[in-house]
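Listed below, chain by chain, are the residues.
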Amino acid sequence: EIMSDMSGIIQCVNFAAIQHKDQRRKDPEKTPYINHPIGVAQLLIEGGVSDADVIKGALLHDTIEDTNTTQQQLIDKFGPRVAGIVAEVTDDKSLSKEERKRLQIVHAASASHEAKLVKLADKLYNLRDLDRVTPEGWTRERVYQYFQWAAKVVDACSGTNEYLEAQLHELFNKWKCIN
Ligand code: NDP
Ligand code: ZN
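The residue numbering used here restarts from 1 in each chain and proceeds along that chain's sequence as written. The naming scheme follows written order: chains are lettered A onward, ligands numbered 1 onward. In keeping with the model being predicted, local features are shown solely for residues with a pLDDT of at least 70 and side-chain atom pairs are shown and tallied solely at 80 or more, while totals for entire chains, interfaces and linings include all residues. For the side-chain quantities, the full set of heavy atoms in the structure was used; hydrogens and water were omitted.

Quick look at the pattern of salt bridges
Pairing between side chains of opposite charge can happen when the charged atoms of each approach one another. By definition here, a salt bridge exists when the distance from a side-chain nitrogen of Lys or Arg to a carboxyl oxygen of Asp or Glu is within 4 Å. Under the criterion given, the structure shown has 12 salt bridges. In this structure, D5 engages K56 in a salt bridge whose closest nitrogen and oxygen atoms are separated by 2.5 Å. Remark: K56 occurs in helix α3 (residues 52–59) and D5 occurs in the segment before α1 (6–19); sequence separation between them is 51 residues. Notably, a salt bridge pairs D66 with K93, separated by 3.2 Å at the nearest N-O pair. With D66 in helix α4 (residues 63–66) and K93 in the loop between α6 (80–88) and α7 (97–108), the pair connects residues that are 27 residues apart, well separated along the chain. Per the convention used, a helix needs a DSSP run of H or I reaching at least four residues, while a strand needs a run of E reaching at least two, with both numbered from the N terminus.

Take a look at the structure:
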């Protein structure tokens with residue numbers, strides 16, 4: 001399904017690259033932000049995910065949350081199923097950070113299978129980033145708190161993808177996380 005929709009996939013990469021063009025990751029090297037959604041899509045491919053709409057959702061997953069992209073724009077360009085997956089993994093930015101993090105744990109369990117796949121790959125990418133190098137200004141305790149919170153979201157998504165969950169649990173063991 002992915003190979004038969006290469007042009008659709010490339011359209012998503014291109015759109016995400018344009019939308020995220022001025023953004024950087026929080027690592028000290030200030031990696032271009034687009035590396036993250038591409039890497040999340042790559043993790044899903046590694047996990048054997050063959051649903052092109054899930055790969056597209058991964059490529060676009062931070063566009064509504066972090067750029068001026070609207071839900072309607074995604075519906076028009078990529079269809080309602082892709083836009084729906086992105087909407088499911090988008091936090092409500094009108095809420096406080098603490099409330100947003102609490103709601104991610106609450107909402108994860110009832111998310112669709114497709115959204116859970118993107119959530120798992122997103123968490124794995126971010127945790128590998130934090131495991132690799134600490135963002136400037138972050139204490140080791142803050143990194144650990146992030147791992148503990150992510151472990152709760154991942155737990156709520158369990159039974160979704162064997163590969164991603166195995167990779168995540170390896171990291172949680174390394175960081176001695178419990179949920
Ligand atoms: P942030 O939300 O500020 O940062 C993590 C998010 O940044 C990720 O979810 C990811 O989101 C994005 N990101 C960009 N670059 C990177 C990178 N290199 N590595 C990982 N993620 C990256 O973190 P929190 O505020 O949640 O902090 C972590 C924990 O520390 C919290 O649980 C909080 O309780 C605690 N804490 C927070 C403090 C604060 O000032 N906020 C102070 C002390 C403790 P995306 O996928 O959208 O790019
Ligand atoms: Zn993300």
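A few points about the environment of D51
Of note, D51 is situated in the loop between α2 (35–46) and α3. It is 16 Å that separates the C-alpha atoms of D51 and I38, two residues lying 13 residues apart in sequence. Within the structure, the side chain of D51 is placed 2.9 Å from the backbone nitrogen of D53, a separation counted as a polar contact. Definition of a polar contact: a pair of N or O atoms within 3.5 Å, with one able to donate and the other able to accept a hydrogen when the atoms are protein atoms, and with sequence-neighbouring residues admitted only if both atoms are side-chain atoms.

Regarding the coordination of the zinc ion (ligand 2)
Donor atoms are limited to N, O and S found within 2.8 Å of the metal ion, a distance that becomes 3.2 Å for Na, K and Ca. With water left out, some sites might look partial. Looking at the zinc ion (ligand 2), the protein donor atoms are H36 (NE2), H61 (NE2), D62 (OD) and D122 (OD), and they sit 2.1 to 2.3 Å from it. For the zinc ion (ligand 2), the single-chain donor residues occur in sequence as H-x24-H-D-x59-D. Placement of H36 in helix α2 and of D122 in helix α8 (residues 113–132) is noted, with a sequence separation of 86 residues between them. Each residue's exposure class comes from its accessible area (1.4 Å probe, protein chains only) as a fraction of the maximum for that residue type: buried when under 20%, exposed when over 50%, partly exposed otherwise. Accessibility expressed as a relative area gives 1% for H36, which makes it buried. With relative accessibility at 12%, the residue D122 sits in the buried group.

Overview of the site of ligand 1
Here a residue counts as near a molecule or strand whenever at least one of its heavy atoms sits within 4 Å of it. Taken together, 17 residues lie around ligand 1, and K26, Y33, K97, K101 and Y146 are the ones closest in. Contacts to ligand 1 include D62, whose side-chain N or O atom sits 3.3 Å from an oxygen atom. The separation between an oxygen atom of ligand 1 and a polar side-chain atom of K101 is 2.4 Å. Starting from 880 Å² of accessible surface for ligand 1 in isolation, the protein chains cover 74%. Of all the secondary-structure elements, those providing two or more residues to the shell around ligand 1 are α7, α8 and α9 (140–156). Element by element, the count of residues in the shell around ligand 1 is highest for α8, at 4 residues. To be clear on the numbers: accessible area is Shrake-Rupley with a 1.4 Å probe, and residue cover counts the displayed protein chains and nothing else.

Details of α7
If you check α7, its first and last C-alpha atoms are 16 Å apart, about what 12 residues at 1.5 Å a residue would give, namely 16 Å. Along α7, the residues that are buried comprise R100, L103, Q104 and A108. Each buried residue of α7 lies within a common arc of 120° when the element is viewed along its axis, so the set occupies one face. Contacts between residues were defined by any pair of non-hydrogen atoms, one from each residue, lying within 4.5 Å. Looking at the buried residues of α7, the elements they touch are α8 and α9. Expected span, for any helix, means 1.5 Å times one less than how many residues it has. It is the directions from the helix axis to the C-beta atoms that the arc portrays.

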